[in-house]
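# Structural overview for review
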2 protein chains.
Amino acid sequence: MAIPKDARITLDPEEIPKQWYNLAADIGHLEPPLNPVTEKPAKPEDFAPIFCKPIIEQEGSTQRYINIPEEVRENLIYLNRPAPLQRAYRLEKYLKTPAKIYFKREDMSPLGSHKGNTALAQAYYNAESGIHTLTTETGAGQWGTALAMVSNLFDIDTTVFMVKGSYEQKPFRKTLMHLYGAEVYASPSEYTEFGRKILKEHPDTTGSLGIAISEACEMAVKDEHTCYSLGSVLNHVMLHQTVIGLETIEQMKKAEIKPDYMVACVGGGSNFGGFTFPMLRDKIAGKTDCEIVAVEPKAAPSLTEGKFRYDFGDTAGMTPLLMMYTLGHEFIPKGIHAGGLRYHGMSPLVSAAYEKNLIKARSYDQPQTFEAGSIFAKTEGIIPAPESCHALKAAMDIALECKEKNEEKTIVFCLSGHGLIDLYGYEQFIEGTLPSSSA
Amino acid sequence: MAIPKDARITLDPEEIPKQWYNLAADIGHLEPPLNPVTEKPAKPEDFAPIFCKPIIEQEGSTQRYINIPEEVRENLIYLNRPAPLQRAYRLEKYLKTPAKIYFKREDMSPLGSHKGNTALAQAYYNAESGIHTLTTETGAGQWGTALAMVSNLFDIDTTVFMVKGSYEQKPFRKTLMHLYGAEVYASPSEYTEFGRKILKEHPDTTGSLGIAISEACEMAVKDEHTCYSLGSVLNHVMLHQTVIGLETIEQMKKAEIKPDYMVACVGGGSNFGGFTFPMLRDKIAGKTDCEIVAVEPKAAPSLTEGKFRYDFGDTAGMTPLLMMYTLGHEFIPKGIHAGGLRYHGMSPLVSAAYEKNLIKARSYDQPQTFEAGSIFAKTEGIIPAPESCHALKAAMDIALECKEKNEEKTIVFCLSGHGLIDLYGYEQFIEGTLPSSSA
């Protein structure tokens, strides 16, 4: 027996995509973001205090393909791109399914997740625009870590406002950001006016993403060489993440894989959008009837239980209003381990695709997803991130449905990251103390 | 500017080596291990109670090349082999050195280190020999995790005796082993006679590697379907690890890289041996004058400060006597973060190479190595394991020596693993509380 050709499908560095794919070109009419004060469509200049010009242009662009600058392509090497596409032979055997299961390995980035793909592009454009400092918020710490790491590649500084609760509970995430050279403040902080105001009113607060966003934006607004950077939801973030799906399509061509299902987890939508939008392009063009499945936690079921309407992107109600599936901006998801999926809303592009019935959605409770993750650890040897366990669980369920119907379908899911830095959830799972996550 | 060809040099899965290289064929006379009771050369049957037959044969073999079973090659995919060889362009720039620096990426295994390479081969041979259970000891937890993970690939069980101090201080390593399905006992345990004896005499002991080895061996001796597995030091372990160096040589050929230095950290010798022995073969054959450098911690300087003599492999004095560089089997290294380098002795093959002046050695103090690691994090984006920081530090020093002499030399070092599961040392480094490690 030789190594099967589709055991792991790799690409060479020079095969990193040369263009991103922009779903806004093909999805049809998109309701524009609204200025939160005037409730009129937001103009590019509304974003100028916090984003640099190329990012604002990409945010509003309907151009189908956008060139990836050569400096961005080169630096994707540092995120270990191209990422392999791998077949889960042992998982298939465990499930006794006739289905074929493949997974795209975003876990191989030194950051442990897909987050660096957009962080890198954003750092590049900001550096090109003369920006010296990027600010952002982080909850669990993945996004802040990603931005801190890639900013070094373009010699810009990073300031991260980390939700105080996480800052105190996740010292190693803070260590990682410090190692990458970032300034990290527990939010609310004494560093901003808004932070000081909150601290005065609520001295014992453990903070929130909403507060942290406000602090990061305040810092960006106040300095012309400082911009704000967002890790999910917006169109330009989805755009940058399409390297995931474009590589996957190239790999599937190479190995003659025709997917019947493409599956990814969704929080704000960035790994889902990045992984599935290029396939959605082909679906809209009538070239495939691949079923595209978004998987969310029961704790934040914006697609399966939310409403499609205008809502704020943040909790505090300061961002532009976005047309999206939302549970209401004041909805606070339960404290699940899949911190990256704890979001009340959904990327407007993902929302539009769902509204148009181009994609499906499923939701799972926390213990089910960790059980899937523990099976994956034993069969494939990789510990999936709690977020990625959602995609995995859905892929396994679809494979079992194929078994019932005796259908030899092909399922491709996105392993958005590994769980080595967040093993506490697995510890609870093993000890039987992992709580349900239903909203 | 396009992506430089040597930015990352990859191999396809089918290019995984087909044979291991055995340095015992070329190193000349090796003093045999001695039976600890008779002090006569140990016979194969001396090892039979704890090792399976193919492992014992490999341990004593002087055959130059040993075929890698196809099942082992296939499963190396699960360790993300072949591993990339990457150029540290940004580190070179930071150091302003004319030297070229490359590093072999053993950090990309889902285990986070090179340990799986031999674990996999050992699990295979034991499964083939009808063994149902493998036992081992683990200190910090890396080796136990590796064995637990790969044992699943061959459907054998793993029992790990984890030094009680680590068991209590490193809950996530225990979680990882549990996730991979291993039984994990805090050692000394109630599970073995020896453990019960120790517990009776010293009820409050935090354990030691010596005790844990004794418990693991007792379990192997008592059951004919149970064998013991060791993660370093012995010849068969070095043999299995040569996939690292064989891949590296192949990659260097592809990219026309002629190394002037090959550098790796040494504890028991497994990543060093695996990485450098194939180059040592060429050096012995007079085909290269590449300088081969072993880097050890000041806390356990067996090569730079130890003596070449017969000594026990364990602390308790129960194993065969090995001819090696040693600080004495009762030497207890300071509690440095590079737990994988805390060993009183040295692989007999590495020791023989050092005795014959075929390799050089350097030693570093803990804070220097973490400083190197933090520079690597900022420049190359990867957090090196505390062990790997030793190799990195030496590579950086050599690059600076090249700068002084204005020599455009090529340095290749082994990044034996990442530090994402052990960030505490970096936290101490950042906070300025990291202690010196001098012995």
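Note that this is a predicted model, so its numbers are computed, not measured.

Residue and element names in this part refer to chain B. Pairing in this open sheet of 7 strands is mixed, and the strands run β1-β4-β5-β15-β10-β11-β14 from one edge to the other. Strand pairing shows two members of the sheet lacking a second neighbour, β1 (8-9) and β14 (360-364), which therefore form its edges. Where strand β5 (residues 100-105) and strand β15 (residues 410-415) come together, 6 bridges link them in parallel fashion. For Y102, the partnering residue across the bridge sits in β15 and is V412. Those strands touched by helix α12 (residues 243-254) are β1, β4 (85-87), β5, β10 (261-265) and β15, and its axis lies near 135° from that of β5.

Residue and element names in this part refer to chain B. For the pair helix α6 (residues 142-151) and helix α8 (residues 171-179), the least separation of the axes is 8 Å and the interaxial angle reads 15°. Taken together, the axes of α6 and α8 are roughly parallel relative to one another. Of the two possible hands of crossing, α6 and α8 adopt the one that is left-handed. On α8, the residues touching Q142, G144, T145 and A148 of α6 are R173, L176 and M177. For the contact of α6 with α8, a count of residues per class yields 3 nonpolar, 3 polar and 1 charged.

Take the packing of aromatic side chains next. The relation between two aromatic rings is expressed through the spacing of the ring centres and the mutual angle of the planes. Throughout the structure, instances matching the rule amount to 30 aromatic pairs over all chains. Here a set of aromatic residues connected by ring pairs shows up, and it is made of W20(A), Y124(A), Y125(A) and F154(A).

Helical geometry note: an α-helix holds 3.6 residues per turn, so side chains three or four residues apart project in the same direction. Residue and element names in this part refer to chain A. Taken across its 10 residues, helix α6 (residues 142-151) has 10 buried, putting it largely inside the fold. Burial in α6 covers these residues: Q142, W143, G144, T145, A146, L147, A148, M149, V150 and S151. Of the surrounding elements, those touching the buried residues of α6 are α5 (116-128), β6 (133-138), β7 (157-163), α8 (171-179) and α17 (386-405).

This part covers the relation of the copies chain B and chain A. For the pair chain B and chain A, the superposition axis carries a translation of 0.0 Å, the fit reaches an RMSD of 0.0 Å, and the rotation angle comes to 180°. Each copy turns onto its partner about a two-fold axis.

All names here are of chain B. With the rule as written, the count across this model stands at 34 salt bridges over all chains. Taking the shortest distance from any N to any O, the salt bridge between D6 and R87 comes out at 2.9 Å. Of the two residues, D6 sits in the segment before β1 while R87 sits in strand β4, which places them 81 residues apart along the sequence. Note on accessibility: D6 and R87 belong to one class, buried.

The next subject is the pairing of β5(B). All names here are of chain B. Of all 6 residues in β5, 5 are buried, a share of seventy percent or more. Relative to β5, β4 runs antiparallel, the two being bridged by 3 bridges. Within β5, the residue paired with Q86 across the bridge is F103.

Bringing the sheet that holds strand β6 (residues 133-138) of chain B into the picture now. All names here are of chain B. Ordered by their spatial adjacency, 4 strands build an open sheet running β8-β7-β6-β9, and the pairing between neighbours is parallel. Single-partner strands in this sheet number two, and they are β8 (183-187) and β9 (226-228). Each strand axis lies, on average, 25° off the axis of its neighbour in the sheet, ignoring direction. Relative to β9, β6 is paired through 3 bridges, and the arrangement is parallel. Bridging from a neighbouring strand, T133 pairs with T226 of β9. This element, α6, spans β6 and β7 (157-163) of the sheet and lies at about 160° to β6.

All right, on to the nonpolar core then. Soluble, globular proteins show a tendency: their nonpolar side chains are buried together. Core analysis: the biggest nonpolar cluster contains 108 residues, and W20(A), Y228(A), I359(A) and I383(B) have the highest contact counts within it. Residues within four places of I383(B) in sequence aside, it is in contact with L176(A), L179(A), Y180(A), A377(B), G417(B), H418(B), G419(B), L420(B), L423(B) and Y426(B). Core analysis: the second largest hydrophobic core is formed by 74 residues, I56(B), F161(B), Y180(B) and V184(B) among them.

This part takes up the environment of M324(A). All names here are of chain A. Looking at where M324 falls in the secondary structure, it is placed in strand β13 (residues 321-326). Separated by 53 residues in sequence, M324 and A377 place their C-alpha atoms 35 Å apart. Non-local contacts of M324, meaning those with residues more than four positions away in its chain, are made with K307, F308, R309, D311, F312, G313, Y343, H344, G345, M346, P348 and S351.

In this section: the domain arrangement of chain A. Residues and elements named next belong to chain A. Split by domain assignment, chain A resolves into domain 1 (8-15 + 80-113 + 238-431) and domain 2 (59-68 + 114-235). Taking the mean C-alpha position of each, domain 1 and domain 2 sit 24 Å from one another. With 29 residues of domain 1 in contact, the opposing surface of domain 2 contributes 27 residues. Across the domain 1/domain 2 interface, buried area totals approximately 2400 Å², and carbon plus sulfur atoms make up 59% of it. Between the two partners, domain 1 and domain 2, sit 2 salt bridges. Across the domain 1-domain 2 interface, the total number found is 17 residue pairs in polar contact (both at pLDDT 80 or more).

What follows deals with a negative patch on the surface. Taken together, D12(A), E14(A), D12(B) and E14(B) make up a surface patch of like negative charges. With respect to the element layout, E14(A) can be found in the loop between β1 (8-9) and β2 (19-21).

Turning our eyes to something else, we now look at the interface of chain B and chain A. Listed per partner, the contact involves 50 residues of chain B and 50 residues of chain A. In total, chain B and chain A occlude about 4600 Å² of area from one another, counting both sides; carbon and sulfur atoms represent 63% of this. When the buried area of chain B at its contact with chain A is split by residue, I3(B), R8(B) and L179(B) rank highest and sum to 16% of it. Along the contact surface separating chain B from chain A lie 0 salt bridges. Linking chain B with chain A are 13 residue pairs in polar contact (both at pLDDT 80 or more). Breaking the side of chain B that touches chain A down by element, the ones donating at least two residues are α3 (70-75), α4 (89-95), α8, α16 (366-380) and α18 (424-431) of chain B. When the residues that make up the side of chain B that touches chain A are grouped by side-chain class, the tally is 28 nonpolar, 11 polar and 11 charged.

Procedures and definitions
- Residues numbered from 1 in each chain as written.
- Chains lettered and ligands numbered in written order.
- Predicted model: local features only at pLDDT ≥ 70, side-chain atom pairs only at ≥ 80, totals over all residues.
- Heavy atoms only, no water.
- Pairing = 2+ DSSP bridges.
- Helix = DSSP H or I, 4+ residues; strand = E, 2+ residues; numbered from the N terminus.
- Contact = heavy atoms within 4.5 Å.
- Axes fitted to C-alpha atoms, helices over the stretch in contact; angles between N-to-C directions.
- Parallel < 35°, antiparallel > 145°, perpendicular 65-115°, else oblique.
- Left-handed = near helix turned anticlockwise from the far one by under 90°.
- Nonpolar A, V, L, I, M, F, W, Y, C, P; charged D, E, K, R; others polar.
- Phe/Tyr/Trp six-rings, centres within 6.5 Å; stacked < 30°, edge-to-face > 60°.
- Buried < 20%, exposed > 50% of the residue type's maximum accessible area, 1.4 Å probe, protein only.
- Least-squares fit on C-alpha atoms with pLDDT ≥ 70 in both.
- Salt bridge = Lys/Arg side-chain N within 4 Å of Asp/Glu carboxyl O.
- Core = buried A, V, L, I, M, F, W, Y, C linked by side-chain atoms within 4.5 Å.
- Domains from an automatic or database assignment.
- Buried area = accessible area lost by both parts, 1.4 Å probe.
- Polar contact = N/O pair within 3.5 Å; in protein donor to acceptor, adjacent residues only side chain to side chain.
- Patch = residues over 30% accessible without salt bridge, like charges linked within 9 Å, V, L, I, M, F, W, Y side chains within 5 Å.
- Areas by Shrake-Rupley, 256 points an atom, 1.4 Å probe, with all protein chains shown as cover.
- Lys, Arg positive; Asp, Glu negative; His and termini not counted.
- Charge placed at Lys NZ, Arg CZ, Asp CG, Glu CD.

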